[in-house]
Amino acid sequence: MADDNNVFDMSEKQSGGSWTRWIRTAIIIVVLLFLLVVGIMNIFIVEQGEYKVVTQFGEVVRIEEQPGLSAKIPFIQQVASLPKYQMNYDITSAEINTLDKKRVLVDNYAVWRVESPQAMIANARTIENAESIMANYINSVIRSELGRLNFEEIINEDDSARGDVNEMVSSRVNELLEGGNYGIVLTDVRMKRTDLPEDNEKAVYQRMISERESTAQEYLSEGDAEANRIRANTDKEVTEMVSAAEADAEEIIGEGEGEAAEIYNSAFSQDPEFYEMYKTLQTYETTIDDETVIVLPSDSPYARILMGYVD
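So, here is what we can say about the structure in this document.

Conventions and cut-offs
Residues numbered from 1 in each chain as written. Predicted model: local features only at pLDDT ≥ 70, side-chain atom pairs only at ≥ 80, totals over all residues. Heavy atoms only, no water. Helix = DSSP H or I, 4+ residues; strand = E, 2+ residues; numbered from the N terminus. Buried < 20%, exposed > 50% of the residue type's maximum accessible area, 1.4 Å probe, protein only. Contact = heavy atoms within 4.5 Å. Areas by Shrake-Rupley, 256 points an atom, 1.4 Å probe, with all protein chains shown as cover. Pairing = 2+ DSSP bridges. Axes fitted to C-alpha atoms, helices over the stretch in contact; angles between N-to-C directions. Salt bridge = Lys/Arg side-chain N within 4 Å of Asp/Glu carboxyl O. Core = buried A, V, L, I, M, F, W, Y, C linked by side-chain atoms within 4.5 Å. Patch = residues over 30% accessible without salt bridge, like charges linked within 9 Å, V, L, I, M, F, W, Y side chains within 5 Å. Lys, Arg positive; Asp, Glu negative; His and termini not counted. Charge placed at Lys NZ, Arg CZ, Asp CG, Glu CD.

## Let's talk about the overall build of the chain
Now for step 1: Check the secondary structure of the chain and you find eight helices and nine strands.
Now for step 2: Classification of the 311 residues of the chain by burial places 23% in the buried group.
Now for step 3: Partitioning the intrachain contacts of the chain with sequence separation of at least 6 by distance along the chain shows that 61% fall at a separation of at least 24.
Now for step 4: Only carbon and sulfur atoms are counted for the fraction: they give 54% of the accessible area of the chain, which is about 22500 Å².

Here is the structure:
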């Protein structure tokens, strides 16, 4: 009986030792898995075209620029990404007063990049804050610079110095950003469009319509005057041409009649009696018709011819 109890105690000890070993193994596995997960979670990838900024308690401790794998201290350090490439930012429309006292809504866009990630994180904190700071500076400088131009110079690119204004705005804004040590650089700023405030649009459109109508009326008046001048010149030329043609025709007719008279005289002089008879017959043709009654003396040449007495 005592031997049975000893065996039972030995079995219990062996079973307890096996359970303890399993617990220890499980704990070790869990710890290893935990360390593996923590290690994986604190390894980060630096990609092409970005900065990885490692901060510790809000302070920048290092900046990773080269693509590849890197690591941070668990639970203490944080990683933020910043782009290396240039970014576009659409700036909210700003209302300005031009030199000739007109109100204009100006819509711009900016091209910018992060130059110093450490300064940008330290002073601007986020991309959104950096864009907001930059937009405030741009609107302020644009309001100042465009306020020196007339409205026509702003909307008409050919007659203005807008290209110079863009360069001046970029230069001035970069000076302000450098003074604040925000770690960003404005590459370019451009004007997308200019609009009038809604309450001014109708008045300006009406003025533009009146100006265009006035210009159109001037063109019409000039056209009518030119048409009248062309008609007068044409009528004058036509009259001169007709007069010259009539003079030429009369001269030709006169020459023809003279030549015809010479021919008649030459022909009729060869037989005067025939000519006399021909002229008499022509007279009959023009003076006698179906209703004509002629009373002739018996010795009249007409009567003698009609009665057949021809010498």
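Past the structure itself, the notes keep going.
## Observations concerning the pairing of strand β2 (residues 50-56)
Now for step 1: For β2, a buried count of six out of seven residues is recorded, marking the element as mostly surrounded by other parts of the structure.
Now for step 2: By the bridge criterion, seven bridges tie β2 to strand β5 (residues 77-83) in an arrangement that is antiparallel. Its bridge partner lying in β5, Thr55 is registered against Gln78.
Now for step 3: From the end of β2 to the start of strand β3 (residues 59-64), which pair antiparallel, there are two residues, and Phe57 there has a positive phi angle of about 55°.

## What to know about the sheet that holds β2
Now for step 1: Ordered in space as β3-β2-β5, the three strands form an open sheet in which the pairing is antiparallel. Each having just a single partner strand, β3 and β5 make up the two edges of the open sheet. Pairwise comparison of adjacent strand axes, ignoring direction, gives a mean angle of 30° for this sheet.

## A few points about the pattern of salt bridges
Now for step 1: For the structure on display, the rule yields nine salt bridges.
Now for step 2: The salt bridge involving Lys192 is made with Asp107; its shortest N-O contact spans 3.6 Å. With Lys192 in strand β9 (residues 184-195) and Asp107 in strand β8 (residues 103-114), the pair connects residues that are 85 residues apart, well separated along the chain.
Now for step 3: On the basis of relative accessibility, which here comes to 43%, the residue Lys192 falls in the partly exposed class.
Now for step 4: With its nearest N and O atoms 2.2 Å apart, the salt bridge here joins Glu226 to Arg229. On the criterion of helical spacing, the pair formed by Glu226 and Arg229 is a turn pair, its members being three residues apart in helix α6 (residues 198-268).
Now for step 5: Residues joined by salt bridges that share partners form a network here, namely Asp90, Asp107 and Lys192.

## Points about the side chain of Asn166
Now for step 1: Looking at where Asn166 falls in the secondary structure, it is placed in helix α5 (residues 162-179).
Now for step 2: The contacts of Asn166, once residues within four sequence positions are left out, are Val189, Arg190 and Met191.

## Some details on the nonpolar core
Now for step 1: In this structure, Trp112, Val114, Met120, Ile138, Leu146 and Ile184 are the most contacted members of the largest nonpolar core, which totals 35 residues.
Now for step 2: Looking at this core, the elements that each hand over two or more residues are β2, β8, α2 (117-123), α3 (127-146), α4 (151-155), α5 and β9.
Now for step 3: Excluding its chain neighbours within four sequence positions, the residues that come into contact with Val114 are Tyr51, Leu82, Pro83, Met87, Met120, Ile127, Gly183 and Ile184.

## With respect to a negative patch on the surface
Now for step 1: A grouping of Asp248, Glu251, Glu255, Glu259 and Glu262 is seen on the molecular surface, where their side chains present a negatively charged patch.
Now for step 2: Along the chain, Glu259 turns up in helix α6.

## Considerations on the pairing of β8
Now for step 1: Note: strand β6 (residues 87-90) against β8, four bridges, orientation antiparallel. Paired with Asp90 across the two strands is Tyr109, which belongs to β8.
Now for step 2: Both strand β7 (residues 94-97) and β8 contribute to a ladder of four bridges, which runs antiparallel. Its bridge partner lying in β8, Ile96 is registered against Val104.
Now for step 3: As consecutive antiparallel partners, β7 and β8 are separated by five residues, and within that stretch Lys101 has a phi angle of approximately 65°, a positive value.
Now for step 4: Across 10 bridges, β8 lies against β9 in antiparallel orientation. Bridge pairing in β9 places Trp112 opposite Leu186.

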